Amino acid sequence: VKAYAGVDLGGTNLRAVLIDTGGQVICHRESPVGPDRRPEALCDRIANVILDLVSSPPAPPGLELGGVGVGVAAWLERDTGRVRVSPNLGWRDVPIGDLLRQAIDGPVLVVNDLAAVTYGEWQAGAAREMRDVLCVFVGSGLGAGLVIDGRLYQGSAGMAGELGHVSVDDADDALPCGCGRKGCVEAYVGGRYLEGRIRAALAEGSGFSAVAEAARRAGRGPDEITCHDVETAYVQGDPDSVAIWTEAADRLGRALAVGVQVVDPGMVVLGGGVLGAAPSYRSLTLEAFKRHCPEGLRAHVALRSSALGGQAGVLGAALLARDRPD
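Thresholds applied
Here, residues in each chain are numbered from 1, in the same order as that chain's written sequence. At least 70 in pLDDT is required for a residue's local features to be given in this predicted model, at least 80 for side-chain atom pairs to be given and counted, and no such filter applies to totals for whole chains, interfaces and linings, which use all residues. With hydrogens and water excluded, all non-hydrogen atoms of the structure serve as input to the side-chain values. Within this scheme a cavity is a closed region of a 1 Å grid, computed over the protein atoms alone, that accommodates a 1.4 Å probe without allowing it to escape, whereas a pocket is open but has protein on both sides within 12 Å along at least five of seven lines; lining residues each have an atom within 4 Å of a point. Grid points are joined across faces, edges and corners, and a volume is the space filled by probe spheres set on the points. Secondary structure elements follow DSSP: runs of H or I no shorter than four residues count as helices, runs of E no shorter than two count as strands, and numbering proceeds from the N terminus. Under the scheme applied, nonpolar residues are Ala, Val, Leu, Ile, Met, Phe, Trp, Tyr, Cys and Pro; charged residues are Asp, Glu, Lys and Arg; polar residues are all the others, including Gly. By the convention used here, residues are in contact when the closest approach between their heavy atoms is within 4.5 Å. Working definition: a ring pair exists when centres of Phe, Tyr or Trp rings (six-membered ring for Trp) sit within 6.5 Å. Plane angles under 30 degrees give stacked, over 60 give edge-to-face, the rest tilted. Placement of a positive charge over a ring is assigned whenever Lys NZ or Arg CZ falls within 6 Å of the ring centre and within 35 degrees of the normal to the ring plane. Between any two strands, pairing holds if DSSP finds at least two bridges. The convention used is that axes are lines fitted to C-alpha atoms, helices contributing only their stretch in contact, and that angles between N-to-C directions extend from 0 to 180 degrees. In this text, buried Ala, Val, Leu, Ile, Met, Phe, Trp, Tyr and Cys residues form a nonpolar core when linked through side-chain atoms within 4.5 Å. Relative accessibility decides the category of a residue: with a 1.4 Å probe and only protein chains considered, values under 20% of the type maximum give buried, values over 50% give exposed, and everything between is partly exposed. Note that a disulfide, as used here, is simply two cysteine sulfur atoms within 2.5 Å. Roughly parallel covers angles under 35 degrees, roughly antiparallel covers those over 145, roughly perpendicular covers 65 to 115, and oblique covers all other angles.

Draft legend 1. Empty space enclosed by the protein, seen in detail. Taken as a whole and assessed by the stated rule, the structure comprises 1 cavity of 30 Å³ or more. Taken as a whole, the largest cavity holds about 70 Å³ of empty space. Along the wall of the largest cavity there are 13 residues; nearest its centre are Asn-112, Ala-115, Ala-144, Tyr-153 and Ala-160. No other element matches strand E10 (residues 142-148), which puts 3 residues into the lining of the largest cavity. Of the residues that constitute the lining of the largest cavity, the class distribution is 8 nonpolar, 4 polar and 1 charged.

This is how it looks when you write it as structure tokens:
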């Protein structure tokens, strides 16, 4: 019996799944990425998780691992799987493909995490049977993936869809991004950046007390604030939360409009942990998208929520491993 493993290594969570040749999930695992983000340590963790998936019930005895797909939150060299930069993992110039191939017994395919997400939604989720798709997920950061003319499109260098690093602010005080530049849209809309700004404001005593109170009621301290707490305060009319949600949604809506104008997709799939935890942020984003995107293009674009949620990337990585040409 042959099976394929998929791994989604994001800025927050490490997910792994085992599927059969028909794409059905046999078993899965999920855990926080944790504080030890050294490439060698994470590759060893990934190898151990895959070994556990293959050798533990409900996986059948004698299972043959046909391949492993790994989606990484990073700018990757397409041919080598080398990480140029991973803002959310803190990596630069890491040969993650080689490290994984040394740690895992079997063929390994490394792709950008949003390429895996997009493939998952296209093959088994919201975008099935679509020929042109833009998939945008907002989690720790902002990522996008593309299906063009019925094929997953990764670009000549494997970096297509890096919508999160479109520059939206060239002022001297533009917000810093984990990629090393300033003013990237990700720095204004990504979960870890929004939460960091709010924690800094709380430490300075310059607002967001209602967000801190929402976290306190949920049993968490000021250092554990999440975007869900911002959503809670926003719904209650907190001016600070209204301001940061409105600003972030406008930036994200503009980015979506740029993506749609460049690609002209038949469908945009929206997902990610932040948009899932904050319906108001999502609604404001769609309103901003309508303001910034020409009506003639909007009329041809279906806007859909992710059908696979947090499992899109890990399932997409496994399906890519299964469908990879020999």
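Text resumes after the structure shown.
Draft legend 2. Molecular detail of the side chain of Thr-285. Tracing the backbone shows Thr-285 in helix H10 (residues 279-292). If near-sequence neighbours (up to four positions away) are discounted, Thr-285 is found in contact with Ala-249, Leu-252, Gly-253 and Leu-256.

Draft legend 3. Spotlight on the packing of aromatic side chains. Counted according to the given criterion, the structure contains 2 aromatic pairs. A centroid spacing of 5.8 Å and a plane angle of 75 degrees characterise the contact between Tyr-119 and Trp-122, whose relative ring orientation is edge-to-face. Highlighted residues: Tyr-119 and Trp-122, both in helix H3 (residues 113-124), separated by 3 residues, approximately one helical turn. Over the ring of Tyr-188 we find Arg-251; its NZ or CZ atom is 4.3 Å from the centre of that ring.

Draft legend 4. The arrangement of the layout of surface pockets in detail. The space that makes up the largest pocket amounts to roughly 860 Å³. Gly-11, Thr-12, Gly-139, Ser-140 and Gly-141 are the residues nearest the centre of the largest pocket, which is lined by 39 residues in total. Breaking the lining of the largest pocket down by element, the ones donating at least two residues are strand E2 (13-20), H3, strand E9 (133-138), E10, helix H5 (191-204) and helix H9 (273-277). Among the elements that make up the lining of the largest pocket, the one with the highest residue count is H5 (4 residues). The class makeup of the residues in the lining of the largest pocket is 12 nonpolar, 18 polar and 9 charged.

Draft legend 5. Summary view of the sheet that holds E9. Taken in spatial order, the 5 strands of this open sheet run E11-E10-E9-E12-E13, and their pairing is mixed. Here the strands that pair on one side only, and so sit at the sheet edges, are strand E11 (151-153) and strand E13 (302-305). Shown here is a sheet whose adjacent strand axes are inclined to one another by a mean of 25 degrees, direction ignored. Two strands pair when backbone bridges link them, and strand E12 (residues 267-271) and E13 are joined in this way by 4 bridges, in the parallel orientation.

Draft legend 6. Representation of the sheet that holds strand E6 (residues 83-86). The strand order across the open sheet formed by 3 strands is E5-E6-E7, and the pairing between neighbours is antiparallel. Two strands bound the open sheet, and with one partner strand each, they are strand E5 (75-76) and strand E7 (91-94). One ladder, built from 2 bridges, connects E5 with E6; its direction is antiparallel. Across the sheet, Leu-76 pairs through a bridge with Val-83, a residue of E6.

Draft legend 7. Just the nonpolar core, in detail. Judged by nonpolar contacts, the single largest core of 49 residues is most densely connected at Val-136, Val-189, Trp-245 and Tyr-281. Per element, the largest residue contribution to this core is 9 residues, and it comes from helix H8 (residues 239-263). With sequence-adjacent residues up to four places away left out, Val-189 is seen in contact with Val-138, Leu-142, Leu-194, Ala-248, Arg-251, Leu-252 and Tyr-281. Formed by 34 residues, the second largest nonpolar core is a distinct cluster that contains Ala-3, Ala-47, Leu-53 and Val-70.

Draft legend 8. Summary view of unusual backbone geometry. At the junction of Pro-57 and Pro-58, the peptide bond is cis and its omega measures out at 10 degrees in the coordinates. You will see that Asp-93, though not glycine, has its phi angle at about 50 degrees, which is positive. The topology assignment puts Asp-93 in strand E7.

Draft legend 9. Up close: the environment of Gly-161. For Gly-161, the location among the structural elements is in the loop between E11 and helix H4 (186-189). Taking the C-alpha atoms as reference points, Gly-161 and Gly-259, separated by 98 residues in sequence, lie 8.5 Å from one another. Sequence-distant contacts of Gly-161, defined by excluding residues within four places in its chain, comprise Gly-143, Ala-144 and Leu-146.

Draft legend 10. The environment of Ala-200, seen in detail. One can find Ala-200 in helix H5. Once the C-alpha coordinates of Ala-200 and Asn-13 are considered, the two residues, 187 residues apart in sequence, prove to be 24 Å apart.

Draft legend 11. Inspection of the state of the cysteines at higher detail. In the structure shown here, the tally under the stated rule is 0 disulfides. For the unlinked cysteine Cys-184, the closest cysteine sulfur is that of Cys-179, found at 3.7 Å.

Draft legend 12. Spotlight on the packing of H3 against helix H12 (residues 312-323). Contact pair H3 / H12: the axes reach a minimum separation of 7 Å and the direction vectors enclose 80 degrees. Between H3 and H12, the crossing angle belongs to the class labelled roughly perpendicular. Contacts between H3 and H12 pair Ala-115, Ala-116, Val-117, Tyr-119, Gly-120, Glu-121, Gln-123 and Ala-124 from the former with Ala-312, Gly-313, Leu-315, Gly-316, Ala-317, Leu-319, Leu-320 and Asp-323 from the latter. Here the residues of the contact of H3 with H12 sort into 10 nonpolar, 4 polar and 2 charged.

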